[in-house]
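What follows is the residue order along each chain.
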Amino acid sequence: LASQLSASRDSHARRPLQAVAPDISPSELLDGIRRDVFSMHFQPKVDANTLRVVGVEALARWQHAGQSVRPDFFIGAAERHGLIAPLSRMLLAKTLNDASRLAEAGFPLFIAFNLSASWLSDIHLPEFILESIQAVSLPAERLILEITETTILSDLDTAMDVLTRQRLKGFKLSIDDFGTGYSSMEQLQRIPFSELKLDRSFVQGAADRPTVRAILSASIDMARKLKLSTVAEGVETQAELDLVRGLGCDLVQGWLIAKAMPVAELIDWLRSRATQPT
Ligand code: C2E
Ligand code: CA
Ligand code: CA
């Protein structure tokens, strides 16, 4: 894996738009799970107008041979090799442990966790997640489960069944990477979502491309009609923040506010923010 990672990094340099996923083997993943090498970082989600922090998204990290492996690469490998359940269980436990540290430090924020497509087909998932959150004494309403639009569309019936049961347990549901699939309002209405996350490509492309801006604006209007709150992903500049604010987006997430960070760093960041004038 280490040699493939540096090879993929070199090819990155020549072809910056193409990310070549290294083939991570089942034994490398199992070894990683056994040696407990994964950790979670947290990226703040803030109110678009007041910039008050309302929640965080948990993002998985893996340091391997001194380099970080991209989460979409190792999550994808775990899905291909049938290892998504043990990996996701571990990531959820870490997320919830960090979430209770955050609450103990005085920051009872919403915690968003990314739910992988292949884990979603496990019929025991809603009960498992509920037991996991009860084990750390956090309320179910604190957890937001993010599911990508393409996952929902690939198997709408299973998604509807499992997600509706998740919602009944009290978790919030969020549609991730919205705009990358082609879901209709009718399809989205069938699942009880509470949030829609506008994909970074639309947020970043909207400033200088009127058609992208029109899609972004229409998506925000549709979300409002469905009573969903909206989150703009990948906000990197003040111009992007002004634009999504102007379109009526509720929350923003992106490097303009902060990158994802380990929980201890997040607590320091939140504390220093609380003492700063707004
Ligand atoms: P995602 O769920 O769409 O997560 C947002 C990604 O955008 C993260 O990449 C984040 O670091 C990055 N990002 C946030 N703000 C900005 C910005 O302003 N500019 C740019 N250029 N990027 C920004 P990351 O951490 O590399 O994660 C990539 C993907 O891997 C995630 O996309 C998600 O699909 C998947 N992933 C990460 N952690 C987990 C996990 O615990 N479970 C599952 N199933 N998937 C995960
Ligand atoms: Ca996400
Ligand atoms: Ca996303």
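Reference entry: report on the structure contained in this document. Here the structure is a predicted model, which means the values were calculated and not measured.

### Notes on the overall build of the chain
In terms of helices and strands, the chain carries twelve helices and nine strands. Against the compact-globule benchmark of 19 Å for 278 residues, the chain has a radius of gyration of 19 Å, which places it among compact chains. Its C-alpha atoms give the chain principal-axis dimensions of roughly 50 × 45 × 45 Å. Residue burial in the chain is summarised as follows: out of 278 residues, 49% are buried. Across the chain, contacts joining residues at least 24 apart in sequence account for 68% of those joining residues at least 6 apart.

### So, the site of ligand 1
Taken together, 22 residues are adjacent to ligand 1, and Gln43, Ala60, Arg61, Glu236 and Trp255 come closest. Take Asp72: an N or O atom from its main chain is 3.5 Å from an oxygen atom of ligand 1. One of the side-chain nitrogen or oxygen atoms of Asp177 is found 3.3 Å away from an oxygen atom of ligand 1. Taking 800 Å² as the accessible area of ligand 1 by itself, protein coverage stands at 83%. Of all the elements in the fold, those that place two or more residues in the shell around ligand 1 are strand E1 (38-47), strand E2 (53-64), helix H3 (71-80), strand E6 (172-178) and helix H9 (200-205). Examining the composition of the shell around ligand 1, we find that four residues originate from one element, E2, more than from any other. In terms of residue class, the shell around ligand 1 is built from eight nonpolar, six polar and eight charged.

### Quick word on the coordination of the calcium ion (ligand 3)
Looking at the calcium ion (ligand 3), the protein donor atoms are Asp176 (OD), Asp177 (OD), Glu233 (OE) and Glu233 (OE), and they sit 2.2 to 2.5 Å from it. For the calcium ion (ligand 3), all donor residues lie on one chain, and their spacing in sequence is D-D-x55-E. Taken as a pair, the calcium ion (ligand 3) and the calcium ion (ligand 2) lie 4.0 Å from each other and share Asp176 as a ligand. With Asp177 in strand E6 and Glu233 in the loop between strand E8 (229-232) and helix H11 (238-246), this residue pair connects regions lying 56 residues apart in the sequence.

### Remarks on the pattern of salt bridges
Within this structure, the stated rule accounts for 15 salt bridges. The residue Arg165 makes a salt bridge to Glu127 at a minimum N-O spacing of 3.6 Å. Taken together, the residues Arg165 in helix H7 (residues 156-168) and Glu127 in helix H5 (residues 125-135) connect sequence positions 38 residues apart. The partner of Arg165 in a salt bridge is Asp161, and the shortest N-O contact between them spans 3.7 Å. Remark: Asp161 and Arg165 occur in helix H7; sequence separation between them is four residues, near one turn of the helix. Under the relative-accessibility criterion, Arg165 is labelled partly exposed at 23%. What makes Asp161 partly exposed here is its relative accessible area of 39%. Through salt bridges with shared partners, one network takes in Lys45, Glu57, Glu146, Glu195, Lys197 and Glu233.

### A look at the coordination of the calcium ion (ligand 2)
The protein atoms donating to the calcium ion (ligand 2) are Glu57 (OE), Asn114 (OD1), Glu146 (OE) and Asp176 (OD), with metal-donor distances spanning 2.2 to 2.3 Å. Between the donor residues of the calcium ion (ligand 2), the gaps in sequence give the motif E-x56-N-x31-E-x29-D.

### A closer look at the pairing of E2
Counting buried positions over the twelve residues of E2 gives ten, a clear majority of the element. Looking at chain direction, E1 and E2 are connected through nine bridges and run antiparallel. What sits directly across from His41, in E2, is Leu59. Between the end of E1 and the start of E2, which pair antiparallel, lie five residues, with Leu51 showing a positive phi angle near 65 degrees. Where E2 lies against strand E4 (residues 110-114), three bridges are found, and the strand directions are parallel. Following the sheet pairing, Glu57 is matched in E4 by Ala112. As paired strands, E2 and strand E3 (residues 67-69) are joined by three bridges and run antiparallel to one another. For Trp62, the partnering residue across the bridge sits in E3 and is Val69.

Thresholds applied
Residues numbered from 1 in each chain as written. Chains lettered and ligands numbered in written order. Predicted model: local features only at pLDDT ≥ 70, side-chain atom pairs only at ≥ 80, totals over all residues. Heavy atoms only, no water. Helix = DSSP H or I, 4+ residues; strand = E, 2+ residues; numbered from the N terminus. Rg over C-alpha atoms; globule rule 2.2 N^0.38 Å. Buried < 20%, exposed > 50% of the residue type's maximum accessible area, 1.4 Å probe, protein only. Contact = heavy atoms within 4.5 Å. Near = heavy atom within 4 Å. Polar contact = N/O pair within 3.5 Å; in protein donor to acceptor, adjacent residues only side chain to side chain. Areas by Shrake-Rupley, 256 points an atom, 1.4 Å probe, with all protein chains shown as cover. Nonpolar A, V, L, I, M, F, W, Y, C, P; charged D, E, K, R; others polar. Donors = N, O, S within 2.8 Å, 3.2 Å for Na, K, Ca; no water. Salt bridge = Lys/Arg side-chain N within 4 Å of Asp/Glu carboxyl O. Pairing = 2+ DSSP bridges.

Read these as geometric descriptors, not functional statements.
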